[in-house]
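Examination of the molecular architecture
As a plain string of letters, each chain reads:
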Amino acid sequence: MTEFIMNWLFGVLFAVAVSVTGAAVDLTSPAVFNAIFYITANVEVWHAGARNVTSAKYHWLHHGIDEGLQACGSFHSAQYIRRYSDVEKAHGLHGYRQAIEHYLTTGQHEHRVGYLEGGYGGRWTVSDAHHKLFVSASARMGAAIDSLVWNNHEFINSIDHGRELQMAVWPAFWFRAVNYIGEKPCPGGMNTENTYRHPFSKKVTLECPGISQSCLHFRSTFTIAGVFPHYTMLQMVAPAGYLTGDFTVWRSYDYSSGHLVAYHTKMPVVLSSPDKHFAMGVFASPKQDTDEDMYYGRFVLSKDKITADTNKWNVVFRKHTLPAGTTHVFNYDTYICVGTLNDVTACLKKLTQAHHADLVG
Ligand SMILES: *[C@@H]1O[C@H](CO)[C@@H](O)[C@H](O)[C@H]1NC(C)=O
């Protein structure tokens, strides 16, 4: 009996101690911390010498939390405090540590979100209706989407300023007439301009018509005008996605059979983690403005010291030479399914059924 009481008492005391110190909360939980995001989004972390997962974690626990730094694409303590007046009232504008604890213990279960509408500190975050998919862009990365988080897992991060979700055009304007390395003529042809003065724009909606799974509708708009570098084939990438090294399994969705098959350039491309818990699948109607067949590309870019391979997909439309001095605006719609491999397959099935007329004949 005594023993029982002692154990019971000890249990109560222990529970009280835990809630007072907040020791039960994991401040490196993926809901609030991602080492790669933390290093790439905060240049001072890199400069402090924290360049791997272990040292980034240490820096976060001993400096970053109390400095109010952002450590993942879906949550930021400083924005969370500003979004919720009860949190600010309880812990103050600089109560970053308590705000993180609040989010982990209660906020996330109440479906609160950890970012400010309209942007903060040169970063803009949006999420879908269920707050499961988070996408953000930054001024630093020229408004490319440099973070995509689904179910607390980062699919895209801007490690080495290379992993983004963004549109592109070839020939590229960053090739000047003479290559700055070795003064050799650049392979893309002659370009006499430093910058391109005509707009490219995108409209990204975190919902696709008729789709219940997480999905992005990505509309790319290219203006082709003015003095363009010489080309015989204008290639518009609408868009390209550079994913982390987790996405090593490549397939295509065969819309005639409804099954995943070996990767094929003419069928919607699907990338997934080997355990199938995380996947991305891409569909674009081939009946859009293109002079050559639209195709889905895949690339595996080599390892660097910090992280594993980058896995890249793209959707490519092509136009033959347009008359010099004329102006053309091209719009392309691409749908990007996000979720488990099962979610993505179901999403692609719905999308391809809805565009059935574009896929036959
Ligand atoms: C991580 O970085 C720290 C600090 O530079 C270094 O001491 C440590 O050896 C690194 N760890 C690994 C596994 O590379």
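Thresholds applied
- Residues numbered from 1 in each chain as written.
- Predicted model: local features only at pLDDT ≥ 70, side-chain atom pairs only at ≥ 80, totals over all residues.
- Heavy atoms only, no water.
- Near = heavy atom within 4 Å.
- Polar contact = N/O pair within 3.5 Å; in protein donor to acceptor, adjacent residues only side chain to side chain.
- Areas by Shrake-Rupley, 256 points an atom, 1.4 Å probe, with all protein chains shown as cover.
- Core = buried A, V, L, I, M, F, W, Y, C linked by side-chain atoms within 4.5 Å.
- Buried < 20%, exposed > 50% of the residue type's maximum accessible area, 1.4 Å probe, protein only.
- Helix = DSSP H or I, 4+ residues; strand = E, 2+ residues; numbered from the N terminus.
- Contact = heavy atoms within 4.5 Å.
- Salt bridge = Lys/Arg side-chain N within 4 Å of Asp/Glu carboxyl O.
- pLDDT = per-residue confidence, 0-100.

Here we look at the site of the ligand
Taken together, the neighbourhood of the ligand is formed by Gly 49, Asn 52 and Ser 55. Asn 52 is positioned such that a nitrogen or oxygen atom in its side chain is 2.5 Å from an oxygen atom of the ligand. Coverage of the ligand by the protein amounts to 25% of the 370 Å² it exposes when considered alone.

Re the nonpolar core
By size, the foremost hydrophobic cluster in this structure holds 55 residues, and its most contacted members are Leu 148, Phe 155, Leu 216, Ile 224, Trp 313 and Val 338. Here this core gets 6 residues from one element, more than from any other, and that element is strand 15 (residues 328-339). Aside from chain neighbours lying at most four places away, what touches Leu 216 is Leu 133, Val 135, Leu 148, Leu 165, Val 204, Thr 205, Leu 206, Cys 208, Thr 334, Tyr 335, Ile 336 and Val 338. In this structure, Val 45, Cys 72, Ile 81 and Tyr 103 belong to the second largest nonpolar core, which totals 31 residues.

Quick word on the side chain of Gln 79
Mapping Gln 79 onto the fold places it in helix 5 (residues 77-83). Judged by its relative accessible area of 1%, Gln 79 falls in the buried class. In contact with Gln 79, other than residues within four places in its own chain, are Gln 70, Gly 114, Tyr 115, Leu 116 and Tyr 120.

Describing the environment of Tyr 263
Position of Tyr 263 relative to the elements: it lies in the loop between strand 10 (259-262) and strand 11 (269-272). Given the relative accessible area of 26%, Tyr 263 is considered partly exposed. Once residues within four sequence positions are removed from consideration, Tyr 263 is found in contact with Trp 250, Arg 251, Ser 252, Val 269, Tyr 296, Gly 297 and Arg 298. In terms of polar contacts, Tyr 263 uses its side chain to reach the backbone amide nitrogen of Arg 298, at 3.3 Å.

Describing the pattern of salt bridges
Inspection of every chain in the model, using the stated rule, returns 9 salt bridges. Between Asp 293 and Lys 266 there is a salt bridge, and its shortest N-O distance comes to 3.7 Å. With Asp 293 in the loop between strand 12 (279-284) and strand 13 (295-301) and Lys 266 in the loop between strand 10 and strand 11, the pair connects residues that are 27 residues apart, well separated along the chain. A salt bridge links Asp 291 to Lys 319; its shortest N-O distance comes to 3.2 Å. Pair noted here: Asp 291 is in the loop between strand 12 and strand 13 and Lys 319 is in strand 14 (residues 310-320), with a separation of 28 residues, a long-range link. What emerges from the salt-bridge pattern is a single network uniting Asp 86, Glu 110 and Arg 112.

What about the confidence of the model for the protein?
The share of residues in the protein with pLDDT of 70 or more is 85%, and the mean pLDDT across the chain is 87. Per-residue pLDDT stays below 50 along residues 1-22; that stretch engages in 4 contacts with residues further than four places along the chain or on separate chains. For residues 177-183, every residue scores under 50 in pLDDT, and the model assigns this stretch 8 contacts once sequence neighbours within four places are set aside.

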